[in-house]
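Residue-level structure breakdown
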Amino acid sequence: MEPVSIGARLASSVVVPLVKKLFVVDGPGAGLVDRPVRISQLVSFRGEKRTLSDSDLHKVAEELVDRAAQSTGVSERLASYEQRAVVNAVTHSLSSLGHIDMDDVQAVRLGYLELSRLLRSRNKAATLGLSSDAVLLHASVVDTACLHILHFFTTRSTFVPRTLVEQSRRIEELSSKIDVLIMRSPSPADGGFEERYARYISKKHGKLTIFGLDLSESSASWPLDAAYLSLQATETVVGEVPLVLPAEKVLAGRDRVLLRGVAGSGKTTLVQWLAVSAVRNDLDERLLYLHGLVPFVLPLRSLTRNGARLPAPDEFLASVGCPIAHAQPAGWYDRVLTAGRGLMLVDGIDEMPEGEREEARIWLKDLIASYPRNRWLVTSRPSAVREHWLAEEGFSELDLSPMSRDDIAAFVERWHRAAGSADAYGKELLYAIRAKQELARLATNPLMCALICALHRDRRGYLPDGRKELYDAALSMLLSRRDRERGVYKAGDMRIGETHQVQLIQKLAYWLIRNGRSEMDKRDVLDLLSQALTAMPRVAEQGTVKQVYQHLLVRSGLLIEPIEGTMQFIHRTFQDYLGARAAVESLDFDFLGSNAHLDQWEDVVRMAVAHARPAERTRLLTSLVERGDSSADIRHRLHLLAAVCLDDATELDPLVRSEVQRRAGELIPPRTIAQARGLADVGPVVLELLQGPEGITSDEAYFTVLTAVRVGTDAAISVLARFRAVDDLRVRAELALAWSRFDTDRYAEEVIAHLQEDDFYFVVSSSRELKALRRFGGRSLVKIASSISPEDIKRYCVADRLVELCIAADLRCSWEWLGDFPRLTRLTLETSLPEIDVTSLRQVFSLRTLRLPVGTRVVGAERLSPGLEIVFGPDRTGE
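Conventions adopted
- Residues numbered from 1 in each chain as written.
- Predicted model: local features only at pLDDT ≥ 70, side-chain atom pairs only at ≥ 80, totals over all residues.
- Heavy atoms only, no water.
- Helix = DSSP H or I, 4+ residues; strand = E, 2+ residues; numbered from the N terminus.
- Pairing = 2+ DSSP bridges.
- Axes fitted to C-alpha atoms, helices over the stretch in contact; angles between N-to-C directions.
- Contact = heavy atoms within 4.5 Å.
- Buried < 20%, exposed > 50% of the residue type's maximum accessible area, 1.4 Å probe, protein only.
- Polar contact = N/O pair within 3.5 Å; in protein donor to acceptor, adjacent residues only side chain to side chain.
- Disulfide = S-S within 2.5 Å.
- Parallel < 35°, antiparallel > 145°, perpendicular 65-115°, else oblique.
- Left-handed = near helix turned anticlockwise from the far one by under 90°.
- pLDDT = per-residue confidence, 0-100.

**Details of the environment of Gly867**
On the secondary structure map, Gly867 appears in the loop between strand E19 (857-859) and strand E20 (869-872). Separated by 19 residues in sequence, Gly867 and Arg848 have C-alpha atoms that sit 6.3 Å apart.

The structure is reproduced here in structure tokens:
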């Protein structure tokens, strides 16, 4: 048991009446007292004002201990004599209030934990010989009592509030947080099961499979703590400056979020991270908001396998194959969700057939109506659901951002360190990614970045060009070279060549795509393989259908069984790639074209264009253009898809290419976020078509900039430079925010140096960017978006120009160094730390406003200048 787990269960409604009995009631005229009062003069169990007898004091202690012991179930583990001993110990600790040489002001400054330690230290013998549970119970009860004692002091009319405003606020906040923790604590009947469930979540989701690591001597799985890379999410609201925040904090200030991200962008990894974090006892400070929440990981591909209906809450665990589902106490799910303790992680709306998504929306709506107080994260590919799909249910919509240059560098370094080849290949690959724009564009999500790392290492530094070539090489590496080069095969082993493996696996992929599924029942797998093997006698003669399937499952590296009896691809991208190959070999171009408007088929169509021969590409792309021309409701989607396919069409009739580009040009300039996303997916070719800033509206200018930024290669810099003089705040803020995605010096010279600096922060993510900014005279509003040292901030920020500084990183430092900036009037600390000591800001005489996140505890505020205003809440300026 942890101390907080006991103290948290002593609610304010129980403790406050008991605490009040310990002190005398203020009489008439007490409000005239203008100085602190000795605690020994306030207690009601000694002196002239004694109203509480020793027996009464013992009863107060007894009630506190009984309540704590019963609510946690600890009474069942304590012998009766030990609980009586704890009551005696608490009585002695509380009685020490009448003997300490301290006034109420000093006590509040000391803090409740230190006061508790002081009281307990005066009679250490009271707990000698007791069990650890008993000692912990004593400490926790006294801790909680001291918290409310100090709160009681701050509410007395004789207390001098002007000297202790921040301490009073902090204690009241702690008191309210304890009540919140009570609501998030399981009942004694549920505690045992929740401990089992937490262990299950940690084991089930605590490792991350990283593509390519199974080719080395290392394990194919990484501990999530080591593998997780914190990416960014962006909330774009028309008419407002975009808000950017770490992806793991999307639920920190929001109860309901729809998070969009392309295939391989890390949506499922984020779901795993949040689930595992919620059940940890030692939460990272960034994730304290998850404390006490119970995660329900609900991958829709699993929930709807074989056409199953979406589950009711009591079926959540069974529907995802949780082996302890049968052990959940009766009504447990209802108690959890009614109390608002649920962390609902619904992963993969896009993995449901499009015709079933409205049913999923109704399912979500009904669940939220029944249990409105929980936190919800729903993930999807960008085009799977329309804008504002869940807006009526109060969902915010955010996009998972592509990996920045720094993110890519961090991922490459970690991957090679895990593979044991950081020095040999890691630095060489980073150089190649930065030198080749096409490679850099492909590496902007974790899946593709891992694939590139694996191929680069496997091929000793050689990388193929283009996405199709990368996947072809990856399949070859997985299906044949790995086992052959590692000497896996032994005499008598089944040997299935690469070509035959591809033929078999792509049939499984195409079945999944045609049926709108991401998982396949093992019986269907065996039936399909049985039919295929009739045309492959050399493979069929090596073993039974089950043995062939087992070989593919173990050796290919492409298939997994998430639960017994169910098969899926290791990642949806490989399914789409192989399914597209099967479609082309079957000459199913009409079928591809007729389904191209469905988002689940977008990547399949695109990869089919890559697999097809020139005449077949012409046929497929022409059908997309003509179908789009005749279908107003899906015209934009089909024409954009055709344009995206150009990137994979290595050889194409110039007239067809021209027609596709002309249709895409009609969608320019983009007028919505969805159109900006779609155009960015077209790739660098769209940069040649982007217009402006002349002749377009401010909204169109903003979405055009958003498109070019999302394309992400340095070829976009010349387009973005055209918009550097646009007055619209959103455009300037987006241009400043995008710096880290491009070459530092070139972007600084062509874009950053020319931006007007009014009303928004210049965002810097490295010391190199800060140094570049200094070359152009510095800026008056600067946002530090990474852990740049105070020394570098002082070195590169122009002292007589800096007026507002935002630090969006957890710099664990004192703040007197800010005194070197004589014009600094406003400081914003976007910290995830629960507590900030601002005492050293008293030396920053120019400061007038300090902005902190809601809920941050402030230490030392009473020592600051009266002219410094402390404000709590988000600041969207220049985000």
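**Topic: the sheet that holds strand E8 (residues 375-380)**
Pairing is mixed across the open sheet formed by seven strands, whose spatial order is E4-E3-E9-E5-E8-E7-E6. The two strands at the open ends of the sheet, each matched to only one other strand, are strand E4 (243-246) and strand E6 (294-299). In this sheet, adjacent strand axes meet at a mean angle of 25° when their direction is disregarded. Sheet analysis places strand E7 (residues 342-347) next to E8, joined by four bridges and oriented parallel. Within the sheet, the bridge partner assigned to Leu345 lies in E8 and is Leu377. Strand contacts of helix H11 (residues 267-278): strand E5 (256-260), E6, E7, E8 and strand E9 (396-400), with the helix running at about 165° to E7, the strand carrying the most contacts. Sitting on the sheet, helix H15 (residues 357-370) touches E5, E6, E7 and E8, and the angle it makes with E8 is about 170°.

**Details of helix H34 (residues 729-737)**
Across the nine residues of H34, eight count as buried, placing the element largely inside the fold. Every buried residue belonging to H34 is among Arg730, Val731, Arg732, Ala733, Glu734, Leu735, Ala736 and Leu737, and all of these are buried. In the core, the buried residues of H34 are packed alongside E4, helix H32 (698-711), helix H33 (717-721), helix H35 (744-750) and strand E13 (762-764). Here H34 starts with a cap whose side-chain oxygen sits 2.9 Å from the backbone nitrogen of Arg730, and that cap is Asp728.

**Observations regarding the state of the cysteines**
All chains considered together, the criterion is met by zero disulfides. Cysteine Cys453 shares no disulfide, and the gap to the nearest cysteine sulfur, in Cys449, comes to 4.8 Å. Judged by relative accessible area, Cys453 falls into the buried class, the value being 0%.

**As for helix H31 (residues 673-682)**
A large share of H31 lies buried, amounting to eight of its ten residues. Taken residue by residue, H31 has Ile673, Gln675, Ala676, Arg677, Gly678, Leu679, Ala680 and Val682 as its buried positions. On its buried face, H31 sits against E5, E9, helix H29 (635-645), helix H30 (654-665) and H32. Directly after H31, the chain includes Gly683, whose backbone phi takes a positive value near 95°.

**Notes on the packing of H29 against H31**
Running from N to C, H29 and H31 point in directions that differ by 25°, and their axes come no closer than 7 Å. By the angle between their directions, the pair H29 and H31 is classed as roughly parallel. Of the two possible hands of crossing, H29 and H31 adopt the one that is left-handed. Contacts between H29 and H31 involve His636, Leu640, Ala643 and Val644 on the former and, on the latter, Gln675, Gly678, Leu679, Asp681 and Val682.

**Considerations on the confidence of the model for the protein**
Predicted coordinates in areas of low pLDDT are best not read in detail. When pLDDT is averaged along the protein, the result is 83, and 88% of the positions lie at 70 or above. At the low end of the mean pLDDT range in the protein sits helix H1 (residues 3-7), at 45; at the high end sits E7, at 95. Scored below 50 in pLDDT, residues 29-34 makes five contacts in the model with residues more than four places away or belonging to other chains. Low pLDDT (under 50) marks residues 485-491, which in the prediction has twelve contacts with non-local residues, meaning those over four places away or in another chain.

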